[in-house]
Amino acid sequence: MALVEIKNLHKSFGSNHVLRGIDFSVEQGEVVCVIGPSGSGKSTLLRCVNLLEKPQQGQVFVRGEDITDPDCHLDAARQQIGMVFQQFNLFPHLSALANCTIAQRTVLKRSPAEADRVARANLERVGLSDKIDAFPAQLSGGQQQRVAIARALSMDPALMLFDEPTSALDPELVGDVLTVMRKLALEGMTMLVVTHEMAFAREVADRVAFMDGGVIVEQGPPADVIGDPREERTRTFLRRVLDPTHVEPT
Amino acid sequence: MTSATETVERKGLSPRQRARRSRGIQYAVLVVLVLIAAVSADWGQIVSVFFKPQFIKEAFQNGLLTALVKTLEYTAGAFVIGLVGGTVLALMKLSQVGPYRWIATAYIEFFRGLPAIVVFIAFSLLPLAFEGMTIPWDPYGVVWLALGIVASAYMAEVIRAGIQAVPKGQVEAARSLGMPAGLATRKIVLPQAFRIVLPPLTNDLILLVKDSSLVFMIGVAADGYELTGFGRDLANTEANLTPLVTAGFCYLLITLPLGILVRRLEARTERTR
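Residues numbered from 1 in each chain as written. Chains lettered and ligands numbered in written order. Predicted model: local features only at pLDDT ≥ 70, side-chain atom pairs only at ≥ 80, totals over all residues. Heavy atoms only, no water.

Peer 1: Provide a residue-level description of the pairing of strand β4 (residues 57-62) of chain A, including the pertinent values.
Peer 2: Residues and elements named next belong to chain A. Strand direction decides the pairing type here: strand β1 (residues 4-13) and β4, joined by five bridges, are antiparallel. When the bridges of β4 are listed, I6 appears paired with V60. In this structure, β4 lies alongside strand β5 (residues 65-66), joined through two bridges in antiparallel fashion. The residue bridging V62 from the neighbouring strand is E65, located in β5. (Pairing = 2+ DSSP bridges. Helix = DSSP H or I, 4+ residues; strand = E, 2+ residues; numbered from the N terminus.)

In structure tokens form, the structure reads like this:
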């Protein structure tokens, strides 16, 4: 059974039909990168996996449970799905440590000592043992994003969603975050990553999915989709991304 | 060549000289006015009516400080009621349930649009209208209730604006960690909202300090007098304004530091933005 299974997913914002029938799945332990031009629906697809966006049609199964069912315990399902946002969304009124403990204590009902231990271990995992007591405003973008990863990991999720995690970072800070993500992938974490970092996708992903116009145009091993794409749309996109100064012949 | 040059030459003054002359005239007018006031006013009379040391002393001896404490107690209790009521109303106004929104809107618009003194007069008449009705903790209960009802309407709007100023991503992050909506509101949204509205809430507190003077409308007993009631009473007895002026200065003792606090808080908010 796939960890995540999406069937015939449709999502519109007003008259804007963003997802036009997505069938997609993520296996346990798999790292899947979703690439594609802006407005292609990749972020919306990701946000449908933990139902931050409610699809109009279709189903999302997490470990076999249909989370689009109104009777589903959505909060319980979300505990198993960690999410990392483009804009970090750290809680600014809490320290790095408290950011990582608050949901453990209030949602998982862990004891303060246990939550503290897990949070410290995860902050160390992302290389921020020395920033435990810092508040988000005192951290750089890259450090904030790594705290956000530690916050999600502290819930012991079965799956991690990354929504363009490096797009809001200064270029020199991107590497630190990607290093942490690479390490997570090596440790066997199941990851669904929306990204513009082609080098990362090529190196780390088990599978790459290219989206355009609300559908998945093609998917497969990175060597195929990025290295030798079948579809013309994929080729056009990759040319623009990999060689931004290139001018299309008219 | 140009007309500007001609003007300058005609008046014989550069812009800087003209600005200096203008400033000089303004100072001269001020000095003349102050001199006229100083010479024409009957200073002895003014001091004896407004600032007579004998009555200032008497005010202190007759319980000015007790009245000051009463003002603080009335204000503090009403502020707590206003804060709790305002938060509940703000959450109701943002509720998904229509009737909650309508009730909150009706309450807020009603009590914001009404002069506070009308509410106080109504409370003073309640025991007459409903015979035998008593509000516990006399006189605190009735004062806190009357002031709190008005304050909660004002504070609800401020708190609602604060809640809406918390970025949407904060709720999304909380929900993605599995927090139910209520928990996310309590642990993530409200702490940030209150931080945002601290300066305007302090402004409401200043208004509340002054509104507590309306308590005399309810007709509390003499031992329940706050500053205004106390000052008015003593001023009536002595046929002299000094006690009222003294009480008035006590208000400034509370409101001026709060005003400075608001400016500090605003500066801090500005910095962290």
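Peer 1: An account of the UniProt feature "domain: ABC transporter" (unreviewed entry) in chain A is needed here, citing residue identities and associated values.
Peer 2: The residues that UniProt annotates with the feature "domain: ABC transporter" (unreviewed entry) are residues 4-238 of chain A. Summarising residues 4-238 of chain A: 37% helix, 26% strand, and an end-to-end C-alpha distance of 27 Å. (UniProt positions renumbered as here; feature names shortened; annotations may be inferred.)

Peer 1: Any chance you could break down the sheet that holds β4 of chain A for me, citing the residues and the numbers?
Peer 2: Residues and elements named next belong to chain A. Read from one edge to the other, the open sheet built from four strands follows the order β2-β1-β4-β5, with strand pairing classed as antiparallel. Lying at the two open borders of the sheet, with one neighbouring strand each, are β2 (16-26) and β5. Sheet topology note: the β1/β2 ladder contains eight bridges and is antiparallel. Across the sheet, L9 pairs through a bridge with I22, a residue of β2.

Peer 1: With reference to specific residues and values, describe the pairing of strand β10 (residues 215-220) of chain A.
Peer 2: All names here are of chain A. Bridge count for strand β9 (residues 207-212) against β10 is five bridges, and the pairing is antiparallel. If you follow A209 over to β10, its bridge partner there is Q219. Counting the residues between successive antiparallel strands, the hairpin from β9 to β10 contains two residues, one of them, G213, with a positive phi of roughly 60 degrees.

Peer 1: Can you explain the packing of aromatic side chains? Please cite residues and give values.
Peer 2: Two numbers describe a pair of aromatic rings. These are the distance of the centres and the angle of the planes. If you walk through the whole model with that rule in mind, you get six aromatic pairs over all chains. Judged by centre distance (5.3 Å) and plane angle (40 degrees), the ring pair of F210 of chain A and F237 of chain A falls under tilted. Taken together, the residues span a long stretch of sequence, with F210 of chain A in strand β9 and F237 of chain A in helix α9 (residues 232-242) at a distance of 27 residues. Their ring planes at 40 degrees and their centres at 5.3 Å tell us that Y140 of chain B and W144 of chain B sit as a pair that is tilted. Pair noted here: Y140 of chain B and W144 of chain B are both in helix α8 (residues 140-165), with a separation of four residues, about one helical turn. Overall, W144 of chain B belongs to the partly exposed group, its relative accessible area being 24%. Pairwise contacts between aromatic rings join Y74, Y140 and W144 of chain B into one cluster. Against the face of F91 of chain A rests R151 of chain A, its NZ or CZ located 4.5 Å from the ring centre. (Phe/Tyr/Trp six-rings, centres within 6.5 Å; stacked < 30°, edge-to-face > 60°. Buried < 20%, exposed > 50% of the residue type's maximum accessible area, 1.4 Å probe, protein only. Lys NZ or Arg CZ within 6 Å of the ring centre and 35° of its normal.)

Peer 1: Mind laying out the confidence of the model for chain B, listing which residues take part and the relevant values?
Peer 2: Mean pLDDT over chain B: 88, with 95% of residues reaching 70 or higher. Confidence metrics for the complex model read pTM 0.83 and ipTM 0.92. (pLDDT = per-residue confidence, 0-100.)

Peer 1: Explain the interface of chain B and chain A residue by residue, including any values.
Peer 2: In this assembly, 18 residues from chain B lie in contact with 21 residues from chain A. Its largest share of buried area at the contact with chain A, chain B owes to E172, S176 and L177 of chain B, together 35% of the area lost on that side. On the surface where chain B and chain A come into contact, there are two salt bridges. Between R175 of chain B and D75 of chain A there is a salt bridge, with its nearest N and O atoms 3.4 Å apart. Where chain B touches chain A, the interface holds five residue pairs in polar contact (both at pLDDT 80 or more). (Contact = heavy atoms within 4.5 Å. Buried area = accessible area lost by both parts, 1.4 Å probe. Salt bridge = Lys/Arg side-chain N within 4 Å of Asp/Glu carboxyl O. Polar contact = N/O pair within 3.5 Å; in protein donor to acceptor, adjacent residues only side chain to side chain.)

Peer 1: Which residues make up a positive patch on the surface, and what values do they have?
Peer 2: On the surface, a cluster of positive charge is contributed by R105 and K109 of chain A together with R186 and K187 of chain B. For K187 of chain B, the location among the structural elements is in helix α10 (residues 181-211). (Patch = residues over 30% accessible without salt bridge, like charges linked within 9 Å, V, L, I, M, F, W, Y side chains within 5 Å. Areas by Shrake-Rupley, 256 points an atom, 1.4 Å probe, with all protein chains shown as cover. Lys, Arg positive; Asp, Glu negative; His and termini not counted. Charge placed at Lys NZ, Arg CZ, Asp CG, Glu CD.)

Peer 1: With reference to specific residues and values, describe unusual backbone geometry.
Peer 2: Residue and element names in this part refer to chain A. Here the phi dihedral of R63 falls at roughly 50 degrees; this positive angle occurs in a residue that is not glycine. Note on placement: R63 falls in the loop between β4 and β5. The phi dihedral of K109 falls on the positive side, at around 60 degrees, and the residue is not glycine. Turning to its location among the elements, K109 is positioned in the loop between α3 (96-106) and α4 (112-125). A relative accessible area of 66% places K109 in the exposed class.

Peer 1: Outline the layout of surface pockets, listing residues and values.
Peer 2: All names here are of chain B. Taken as a whole, the second largest pocket encloses approximately 650 Å³ of empty space. Lining the second largest pocket are 19 residues, with Q96, V171, R175, A181 and T185 positioned closest to its centre. For the lining of the second largest pocket, the secondary structure elements donating two or more residues are α8, α9 (168-176) and α10. In the lining of the second largest pocket, the residues fall into 11 nonpolar, four polar and four charged. (1 Å grid on protein atoms, 1.4 Å probe; cavity = no way out; pocket = protein on both sides within 12 Å on 5 of 7 lines; lining within 4 Å. Points joined across faces, edges and corners; volume = space filled by probe spheres on them. Nonpolar A, V, L, I, M, F, W, Y, C, P; charged D, E, K, R; others polar.)

Peer 1: Give a detailed account of the UniProt feature "transmembrane region" (unreviewed entry) in chain B, specifying residues and quantitative values.
Peer 2: Residues and elements named next belong to chain B. Residues annotated by UniProt as "transmembrane region" (unreviewed entry) correspond here to residues 27-51, 71-92, 113-130, 142-159, 205-222 and 242-262. A helix fraction of 83% and a strand fraction of 0% characterise residues 113-130, whose end C-alpha atoms lie 25 Å from each other. Helix makes up 100% of residues 142-159 and strand makes up 0%, while its end C-alpha atoms are separated by 25 Å.

Peer 1: So, empty space enclosed by the protein: which residues are in play, and what are the values?
Peer 2: Residues and elements named next belong to chain A. Scanning the model with the defined rule gives one cavity of 30 Å³ or more in all. For the largest cavity, the full set of lining residues is R125, V126, L153, V180, K183, L184 and E187. Looking at the lining of the largest cavity element by element, the count peaks at three residues for helix α6 (residues 171-186). Its residues assigned to classes, the lining of the largest cavity comprises four nonpolar, no polar and three charged.

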